[in-house]
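Analysis of the macromolecular model
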Amino acid sequence: MAVRASMTRFPMDPDEQESSGLPWGVTVSPFSGRDENGISPSMGSDGENLPRCENCWAYFNSYCELDQWAWTCSLCGTLNGLSAHSIAKYSHPQSCPEMSSSFIDLELPSEGYEDESMQARPVYVAAVDLSSSEEFLDLIKSALLAALEALPAGALFGLAVFSLKLGLYDVQGPVPLVKNVFIPPDADGTIQIALEDVMPLFSFLAPVETCKERIASAIETLKPMSSWEQSAAATQALDGVLLGGRGFGAAMDALFNYLGSEYGTTFALARVFAFLSGVPDFGAGQLDTRRYGEQYASKREDADRALLPEQTSFYKELAAVAVQAGVCVDLFAVTNEYTDLASLKFLSIESGGSLFLYPNTEDTTLPQDMYRMLSRPYAFNCVLRLRTSSEFKVGHSYGHFFPDPEYENVQHIICCDSYATYAYDFEFAKVEGFSRHASEPPMLQIAFQYSVVVPPEELSGSGLSSASRPKFSIKRRIRIRTLQYGAARNINELYDSVDSEVVLSILVHKVIQASLEQGVREGRMLLHDWLVILTAQYNDALKLVQYGTGTSNAVQQIDVAFAQCPQLQPLPRLIFALLRSPLLRLHEEGVHPDYRIFLQCLFSALDPSSLHRAVYPVLTSYTTPDKQAYPRHSLSRAALITSGSPIFLLDAFTILIVFYSSTADPGLPFPPPHDCLLRTTINKLKQERSITPKLLFIRGGQDDATAFENYLIEEQDVEGSGFTSVMGFVSFLEDINRSVLVYMK
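Let me begin by describing the structure that accompanies this report. Fair warning: this is a prediction, and the values are worked out from it, not measured in the lab. (Residues numbered from 1 in each chain as written. Predicted model: local features only at pLDDT ≥ 70, side-chain atom pairs only at ≥ 80, totals over all residues. Heavy atoms only, no water.)

Observations concerning the overall build of the protein chain
The helix and strand inventory of the protein chain stands at 24 helices and 33 strands. Put simply, the protein chain shows about 31500 Å² of open surface, and 50% of that area lies on carbon and sulfur atoms. (Helix = DSSP H or I, 4+ residues; strand = E, 2+ residues; numbered from the N terminus. Areas by Shrake-Rupley, 256 points an atom, 1.4 Å probe, with all protein chains shown as cover.)

A word on the packing of helix H16 (residues 500-518) against helix H20 (residues 608-615)
Between H16 and H20, whose axes approach to 9 Å, the crossing angle comes to 75 degrees. The angle between H16 and H20 places the two elements in the roughly perpendicular class. Between H16 and H20, the residues in contact are Glu501, Val502, Leu504, Ser505 and Val508 and Pro608, Ser609, Leu611, His612 and Val615, respectively. Per-class residue counts for the contact of H16 with H20 are six nonpolar, three polar and one charged. (Axes fitted to C-alpha atoms, helices over the stretch in contact; angles between N-to-C directions. Parallel < 35°, antiparallel > 145°, perpendicular 65-115°, else oblique. Contact = heavy atoms within 4.5 Å. Nonpolar A, V, L, I, M, F, W, Y, C, P; charged D, E, K, R; others polar.)

A closer look at helix H10 (residues 248-260)
The end-to-end C-alpha distance of H10, which contains 13 residues, comes to 18 Å, matching closely the 18 Å that a straight helix rising 1.5 Å per residue would cover. Phe248, Gly249, Ala250, Ala251, Met252, Asp253, Ala254, Leu255, Phe256, Tyr258 and Leu259 are the residues of H10 that are buried. (Expected span 1.5 Å × (residues − 1). Buried < 20%, exposed > 50% of the residue type's maximum accessible area, 1.4 Å probe, protein only.)

Side note on the sheet that holds strand E20 (residues 392-398)
Reading across the sheet, the four strands line up as E1-E3-E23-E20 and stay open at both edges, with antiparallel pairing between neighbours. Each edge of the open sheet carries a strand with a single partner, namely strand E1 (2-5) and E20. Pairs of neighbouring strands in the sheet enclose a mean axial angle of 25 degrees, with direction left out of account. Across the sheet, H16 is in contact with E1, strand E3 (25-29), E20 and strand E23 (422-428); its angle to E3 comes to roughly 95 degrees. (Pairing = 2+ DSSP bridges.)

A short note on H20
Across the eight residues that make up H20, a large majority, six, are buried. Taken as a whole, H20 has its buried residues at Pro608, Ser610, Leu611, His612, Ala614 and Val615. With a side-chain oxygen lying 3.2 Å from the backbone nitrogen of Ser609, the N-terminal cap of H20 falls on Asp607. (Polar contact = N/O pair within 3.5 Å; in protein donor to acceptor, adjacent residues only side chain to side chain.)

Considerations on empty space enclosed by the protein
The gaps of empty space that remain are located by a probe, the size of a water molecule, rolled over the atoms. Per the stated rule, a full pass over the model turns up five cavities of 30 Å³ or more. Computed from the structure, the largest cavity encloses a volume of approximately 470 Å³. Those elements giving two or more residues to the lining of the largest cavity turn out to be helix H13 (341-349), strand E18 (355-358), strand E22 (410-417) and helix H19 (593-603). Among the elements that line the lining of the largest cavity, the one with the most residues is E22, at four residues. Across the lining of the largest cavity, the residue classes break down as 18 nonpolar, eight polar and five charged. (1 Å grid on protein atoms, 1.4 Å probe; cavity = no way out; pocket = protein on both sides within 12 Å on 5 of 7 lines; lining within 4 Å. Points joined across faces, edges and corners; volume = space filled by probe spheres on them.)

A word on the side chain of Ser348
One can find Ser348 in helix H13. On the basis of relative accessibility, which here comes to 0%, the residue Ser348 falls in the buried class. Polar contacts involving the side chain of Ser348 include one to the main-chain carbonyl oxygen of Lys345, which spans 3.0 Å. Residues contacting Ser348, with those up to four places away along its chain left out, are Val329, Leu331, Gly353, Ser354 and Leu355.

Details of unusual backbone geometry
The omega torsion across Phe670 and Pro671 is -10 degrees, close enough to zero to call that bond cis. Looking at the secondary structure, you find Pro671 in the loop between strand E32 (655-660) and helix H22 (677-687). The backbone phi angle of Asp340 is positive, close to 55 degrees, even though this residue is not glycine. In this structure Asp340 comes out as buried when scored by relative accessible area, which is 1%. Of note, Asp363 is a non-glycine position whose phi angle comes to about 50 degrees, a positive value.

With respect to the side chain of Ser32
Of note, Ser32 is situated in the loop between E3 and strand E4 (42-44). On the accessibility criterion, Ser32 (15% relative accessible area) is buried. Contacts of Ser32, omitting those with residues within four sequence positions, involve Met1, Ala2, Ser418 and Arg479.

Some words on the sheet that holds strand E33 (residues 694-699)
Taken in spatial order, the five strands make up an open sheet running E30-E29-E31-E32-E33, and their pairing is mixed. Looking at which strands have only one partner, the edges of the open sheet turn out to be strand E30 (627-633) and E33. When the angles between neighbouring strand axes are averaged without regard to direction, this sheet yields 20 degrees. Sheet topology places strand E29 (residues 618-624) next to E30; four bridges connect them, and they run antiparallel. By the bridge assignment, Thr624 is partnered in E30 with Lys627. Each of E29, E30, strand E31 (647-651), E32 and E33 touches H22; the most contacted strand, E31, lies at about 0 degrees to it.

Some thoughts on the layout of surface pockets
Volume-wise, the largest pocket comes out at about 1200 Å³. Pro582, Tyr595, Thr654, Ile655 and Tyr711 are the residues nearest the centre of the largest pocket, which is lined by 43 residues in total. Of all the secondary structure elements, the ones that give two or more residues to the lining of the largest pocket are E18, helix H18 (570-580), H19, H20 and E33. Per-element accounting of the lining of the largest pocket gives the leading share, six residues, to H19. The residue makeup of the lining of the largest pocket, split by class, is 24 nonpolar, eleven polar and eight charged. Counted as a void, the second largest pocket has a volume near 720 Å³. Forming the walls of the second largest pocket are 24 residues, and the residues nearest its centre are Phe346, Ile349, Gly399, Gln513 and Leu516.

Rendered as structure tokens:
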């Protein structure tokens, strides 16, 4: 569980927090196997008997005061009695993880699992769009065959297809059979026949261990909907809208209910991989693409406000059905046409899944992403709870979860991998803040209760047959992290404790929320104004403002580069880059609304370091493929020229670019050899990433270098900002300087 705070020393009181100009909060990656310093949790059992505070329900931890019969809660100060079991246990503290570590992971009893061996069978279902092209299906076949290699033995796999019909594959016989049910064309219609009556679920879900070759054969039979079927679909029109043949909404609704009938009996978690080649345009959940058109390019209507909210609540309601059925949905859209991901995204983000967007079928990382996603461990049926000491409280929580309808600050996460990150911001609960003489410093406790499927521990070469192998089992655990922070004695101490990457994470969440509610322009203005206010309050707090002489009393100098505070210095560049990002560029600048939604979903799930790379890429230079020159450059042509290095590696999170300058020695090997330092670095970056980055090799002066040069943003205009700005980063700072002067008057 990695936890990072925007300020490692908390503000003393509301006035100091307000005057600092900084967001106050944390990011949490609950299923990360190590903390932010690389330390693993202390493991133990008996989690159900861990003492809890009678007042605030916090868990006993290593910061609590303990005597023979009682303990004092480190969060609220309440004195609690100890049970006889705990008294006996804590008389041997060396065997208790909660006594020696503030980061623990304890086993819980597996309650309510009648047949754990059945429940522990992971279930995966692929739902493939047949209203598509041969190229699309060839890509999906490659992706599913890659997925088959990553699936654990003992998993169950189902293959479904949809168009005008929903088809279920039975692959357990000698020849794959498909049973189809027609999807009603009307927008409020659902498939009337229960899928269990079409095909029993155990015929549909095939054991990967014994049916792998048959599943692969069935995947190879996928082919697009025939032209006569497409013609038949196109002749049916509702409300003047031409219908295609992509009955995605009704198909998903039927599949979730189909799987949900066995939730808790056959499986504890099912994952559905939904592959889309275009907008759902048939039956329930059909979406109208007419809202994406030229009319929004006019000054009279804000396309960014019109295209970011969902046009129907259908998929948000369907996500609730998926959650109730114990289904996590991963959505893969392979299209460059408007598909209205603003409406579809809820299926993935609320069920704990991922949203992927690929603009074409060529040069795509979909098979690698599938394999990578299925190869990493994940937790399911998770409950996340953050508690604070009594002086402050959670203001907002951000991330891909659904909040508990009854309990405050409790989030439910259907599926969570080690990369998934959530954010919280804080506010004071008391006007007096943290007392300067208090013996109790600010405390934070995060509890993460989750389940994992544990594979059987097989000895290599044991010779056990598949029938006699031990079964998978489900383990329920609770991971608890308790953190103690200091309170800053003054504003300098506060600024010196800032983590700019966490500040960026919280700002990105706030800007995405503002964009969704009020439009991209409002999000841009919020970000610009935030930097202006921070700069003004920093200059004022550190008494850096210099006034001229004479009657004008004009301000002569503003420190817009935060020269007195190294911790704040990255922020102007990060804000400049975020304003240039497609996340916040305007519709008329050519940003596709689906790509913006994809970035919203991606950025709002990234840990702070990954988000930093996605917003402001890391540019490293090399003297040779085996020798690094400089670890970091600014994103400018001037930096390339002045470094004198021939080779550059740009890491923009979703893409890695190796660039050889036009002046590089022709004798340098291109592309770099597979056994060199540069390639080793690239491979390490790819292994650590939640999604597969594209890799490009560009030779300056010979290849088209546009893909690389587009990232050199510091000498480019911040277009469409609505603010006075002529050229690049320097002019951006000048604009901030002018705005600060206006603000300070």
